[in-house]
Amino acid sequence: MALSGLTLGVLEAEPAGATAPTGAEVPTRGGTLTISLAPEPQILTAAFLTTMQVTMVAGKISEGLVWFDDKLQPQPELAESWEFAPDGLSLTFHLRKGVRWHDGKDFTSADVAFSLLNVWREIHPGGRLAYASVTAVETPDTHTAVLRLARPTPYLLSFMNVYGAQVVPKHLYEGTDLLKNPANIAPIGTGPFRFKEWVRGSHIVLERNPDYWRPGQPYLDGVIFRFIPDAAARTVALENGEAQVALASNIPISNLPRFGDKQKFRINTTDGAYLASIQLATVNTRRPYLADKRVRQALLYALDREALLRVVFRGYGRVSNSPIPSTVPAFFSDKGRRYTHDPKQAEALLDAAGFPRKADGKRLSITLDYGTGSLEATLVLDEEHREGRALEQRCRLLQP
């Protein structure tokens, strides 16, 4: 089940100096934006930890070599341009000049080389695989970084944004215990906002970077991230204007009808394209029941994914046939085997696998353990027929 990333914005309670979006949006300078975010991140360095909550804060402070537009195409950020060698064995980045870290030091190619060789490739959980083909990083001058590759790696550029490759300042990290460096929780970046304050359990405050390399930006004076653990309280905070934006779908889907007034609120389902979540079940084949392929197939035929999308997720998403979301077309494939909702086929497979109905009507029971973030479900294969279904799905849904 592919779900769009949901961002919910308030149009009624705009930050001071800002105006509600119109057909031709004109930025207005000033104001502080308050964002509801949950759960609270543990660090603010996405180069080490890539949970969505970390990156949503870190991405305002720090930057990558590229950023991705709404078509998921790389655009210049700390790198102005780049090119692969004709043989595919090197990738050269031409870095932006005049960029300074928030402490006033110049950003250079040495920061890129240090970040890739010591952080992205060694510590970042995805980087260990993504940068496995990088054999060296050469820095012929302060604004050129050349990645030498053991083999052509055409996907590499897709990992160079702040989510997969946040550049860290070499002068603050070199020679330190990288994972315990104070800059992990009070970061020094090159981005539009500077870190100001973190009150654990309450909020993080960012302030405008007056020396940002994009002339005249950012427009806001600051950003506040509020950590509200209770879902109902987050909903109320957005309704009454205490927060103007709710990120990472931290408003329960069941509460979205409360924000149906398009004159006051905007539900954005497009910003999550790059990181659209997939709700999928990973089967433990070491379990006696699930070791049998026919039982696993029966589960897939028993699931009514269209009904789950319609009832549980209120239509926010689409039924997926791949572990990669269709919003990432460069890597998506829809050629996998499709399992339609077919209870009779599920019944036949369970019979063939040697799981007939018992005296109590049940065939077998399994438990689906789900993360506590949004949904828990327990699946019970039962005798009861409901709307002609031979296998009943009993789902217990718990909103965060």
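One can find the structure itself at the top, above this paragraph.
Only a predicted model underlies this, so the values are computations on that prediction, with no experimental measurement involved.

Student: What exactly am I supposed to notice about the pairing of strand E7 (residues 90-95) here?
Tutor: Every other side chain in a regular strand lies on the same face of the sheet, so the side chains alternate between the two faces. In terms of burial, E7 is largely enclosed, as five of its six residues are buried. Two strands pair when backbone bridges link them, and strand E6 (residues 79-84) and E7 are joined in this way by five bridges, in the antiparallel orientation. The partner of Ser-81 across the bridge, within E7, is His-94. Counted between consecutive antiparallel strands, the loop separating E6 from E7 contains five residues, among which Gly-88 sits at a positive phi close to 75 degrees. By the bridge criterion, five bridges tie E7 to strand E9 (residues 144-149) in an arrangement that is antiparallel. Residue pairing for E9: His-94 is matched across the bridge by Thr-144.

Student: I'm lost on the environment of Phe-193 in this one. Help?
Tutor: Turning to its location among the elements, Phe-193 is positioned in strand E10 (residues 193-199). Taking the C-alpha atoms as reference points, Phe-193 and Glu-207, 14 residues apart in sequence, are found 5.3 Å from one another. Beyond its immediate sequence surroundings of up to four residues, Phe-193 is in contact with Lys-60, Ile-61, His-102, Leu-206, Glu-207, Arg-208, Asn-209, Pro-218, Leu-220, Asp-221, Gly-222 and Val-223.

Student: Looking at this structure, I do not really get the sheet that holds E7. What am I missing?
Tutor: The strands making up a sheet associate through backbone hydrogen bonding, with each pair oriented either parallel or antiparallel. Pairing is antiparallel across the open sheet formed by four strands, whose spatial order is E6-E7-E9-E8. Pairing within the sheet leaves two strands with one partner each, and these edge strands are E6 and strand E8 (134-141). Within the sheet, the average angular offset between the axes of one strand and its neighbour, ignoring direction, is 20 degrees. Taken strand by strand, helix H2 (residues 109-120) contacts E7, E8 and E9, and its axis lies near 170 degrees from that of E8.

Student: What am I meant to see in the packing of aromatic side chains here?
Tutor: For the structure shown, the criterion picks out nine aromatic pairs. Ring centres of Trp-82 and Phe-93 lie 6.5 Å apart, and the angle between their planes is 50 degrees; on these two criteria the pair is classed as tilted. Taken as a pair, Trp-82 in strand E6 and Phe-93 in strand E7 lie far apart in primary sequence, 11 residues in all. Ring centres 5.4 Å apart and planes at 85 degrees place the aromatic pair Tyr-289 and Phe-355 in the edge-to-face group. Of this pair, Tyr-289 sits in the loop between strand E15 (277-278) and helix H7 (293-302) while Phe-355 sits in the loop between helix H9 (343-352) and strand E16 (364-365), and the two are 66 residues apart along the sequence. Stacked on the ring of Trp-198, the Lys or Arg Arg-200 has its end atom at 3.7 Å from the ring centre.

Reading guide: rules and limits
Residues numbered from 1 in each chain as written. Predicted model: local features only at pLDDT ≥ 70, side-chain atom pairs only at ≥ 80, totals over all residues. Heavy atoms only, no water. Buried < 20%, exposed > 50% of the residue type's maximum accessible area, 1.4 Å probe, protein only. Helix = DSSP H or I, 4+ residues; strand = E, 2+ residues; numbered from the N terminus. Pairing = 2+ DSSP bridges. Contact = heavy atoms within 4.5 Å. Axes fitted to C-alpha atoms, helices over the stretch in contact; angles between N-to-C directions. Phe/Tyr/Trp six-rings, centres within 6.5 Å; stacked < 30°, edge-to-face > 60°. Lys NZ or Arg CZ within 6 Å of the ring centre and 35° of its normal.

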